[in-house]
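# Examination of the molecular architecture
Here is how the chains run, residue by residue.
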Amino acid sequence: MAEIKLAAQARTEFGKGAARRARRANQVPAVVYGHGAESVHITLPAHELQLALRTANVLIGLELDGKDALVIPKAVQRNPLKGDIEHVDLLTVKRGEKVNVEVAVHVEGDLAPGGNLLEYVQNTLLVEAEATHIPESVTVSVQGLDAGASILAKDIPLPKGSVLAGDEDAIVLQVVAAQAEEPAAESAEEAGEEA
C-alpha cells in the first residue's frame, strides 16, 4: 500500500467555534494519538484528506513542524447531510508494527442455479497485519455454493503477512434460498377488497 503525504498544522484553539473556523478555511480538525505519547491536536487540508480516505486503511505520512509521523485513520466523523469530514482520529504506527484493522470482504463467482441469494452476515474481517502492508480487501469464491452453505472467517484466504484477529468461527457469508411469493393469494385479497 502506498503512503500518502499530508502537511499538518498544529491546533491551538479548541471547541466548536474553533472547529467551525477551521472547516470554513478548508481544514479538518484531527487528533493524533498512540504509543503512549501525548495526543497532538492538528488540522489537515480537507480536500487532500478526503482523497486519501477513499482508500480503506490508508497509510498517511504526516509532516508536522519538520517531523514526520506514520498514521492510520481510526475514526472518521462526517456531516450526516453533506458527507463532509468533520473530525478524524489518527493512530500513530511504526514500520514493522502489527495493527488490527477491518478489511472489506469481496466475493467472486456465481452461486448454484436455483434462485439462491447470498447474505453478507459481516462486510468486513478483523485482521492483524503490518502497518505498512495492510490489505485493502480480501476475496472469497462463492462459485457453485447452494442454499444452506456458509463461509466462516477461518475459510477466507488472507494475504501473506495477515492473520485473522477476530472470531475464526464467525459466519461471514451464507447462502439462502429465495422466498417465493404467492401471487394467487395476493390477487384473491385484492379481489376481496374491491368487492
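Just so it is clear, the structure is predicted and the values come from calculations on it, not from any experiment.

## Notes on unusual backbone geometry
Positive phi values are uncommon outside glycine, yet N26 reaches one of about 60°. In this structure, N26 sits in the loop between α1 (16-24) and β3 (27-34). Judged by its relative accessible area of 54%, N26 is exposed. Positive phi, close to 50°, is recorded for D65, a residue that is not glycine. Within the secondary structure layout, D65 lies in the loop between β5 (59-64) and β6 (67-78).

## Re the environment of H106
As for its placement among the helices and strands, H106 is situated in strand β8 (residues 98-108). The contact partners of H106, leaving out residues within four places of it in the chain, are S137, V138, T139 and V140.

## Observations concerning the pattern of salt bridges
One pass over the full model with this rule turns up one salt bridge. The partner of K154 in a salt bridge is D169, with the nearest N and O atoms 3.0 Å apart. Note that K154 is positioned in the loop between β12 (150-152) and β13 (163-164) and D169 in the loop between β13 and β14 (171-177), a separation of 15 residues in sequence. For D169, a relative accessible area of 43% corresponds to the partly exposed category.

## Here we look at α1
Turn by turn, an α-helix covers 3.6 residues, leaving residues three or four places apart pointing in a common direction. Along α1, the positions that sit buried rather than exposed are A18, A19 and A22. Projected down its long axis, α1 carries its buried residues within an arc of 100°, all on one side. In α1, those exposed residues whose orientation departs by more than 90 degrees from the buried face are K16 and R24. Elements that come into contact with the buried residues of α1 comprise β3 and β4 (37-45).

## Comments concerning the sheet that holds β12
Strand order in this open sheet of three strands is β9-β14-β12, and the pairing throughout is antiparallel. Of all the strands in the sheet, the pair left with one neighbour each is β9 (116-120) and β12. Taking each pair of neighbouring strands and ignoring which way they run, the sheet shows an average axis angle of 10°. Two strands pair when backbone bridges link them, and β12 and β14 are joined in this way by three bridges, in the antiparallel orientation. For I151, the partnering residue across the bridge sits in β14 and is L173.

## Digging into the side chain of T43
Relative to the assigned elements, T43 resides in strand β4. A polar contact is formed between the side chain of T43 and the side chain of Q27, at a distance of 3.4 Å.

## A word on the sheet that holds β3
Strand order in the open sheet made by the seven strands is β1-β5-β6-β7-β3-β4-β2, with mixed pairing throughout. This sheet does not close on itself; its edge strands, each paired only once, are β1 (3-7) and β2 (9-10). Pairing between β5 and β6: five bridges, direction antiparallel. Bridge pairing in β6 places L62 opposite A69.

## A closer look at the pairing of strand β11 (residues 137-141)
A one-sided burial pattern is seen for β11, the buried positions being V138 and V140 and the unburied ones S137, T139 and S141. Here β8 runs beside β11; their pairing, made up of five bridges, is parallel. Looking at β11, one finds that A104 is bridged to S137.

Reading the values: the criteria
Residues numbered from 1 in each chain as written. Predicted model: local features only at pLDDT ≥ 70, side-chain atom pairs only at ≥ 80, totals over all residues. Heavy atoms only, no water. Helix = DSSP H or I, 4+ residues; strand = E, 2+ residues; numbered from the N terminus. Buried < 20%, exposed > 50% of the residue type's maximum accessible area, 1.4 Å probe, protein only. Contact = heavy atoms within 4.5 Å. Salt bridge = Lys/Arg side-chain N within 4 Å of Asp/Glu carboxyl O. Arc of directions from axis to C-beta. Pairing = 2+ DSSP bridges. Axes fitted to C-alpha atoms, helices over the stretch in contact; angles between N-to-C directions. Polar contact = N/O pair within 3.5 Å; in protein donor to acceptor, adjacent residues only side chain to side chain.

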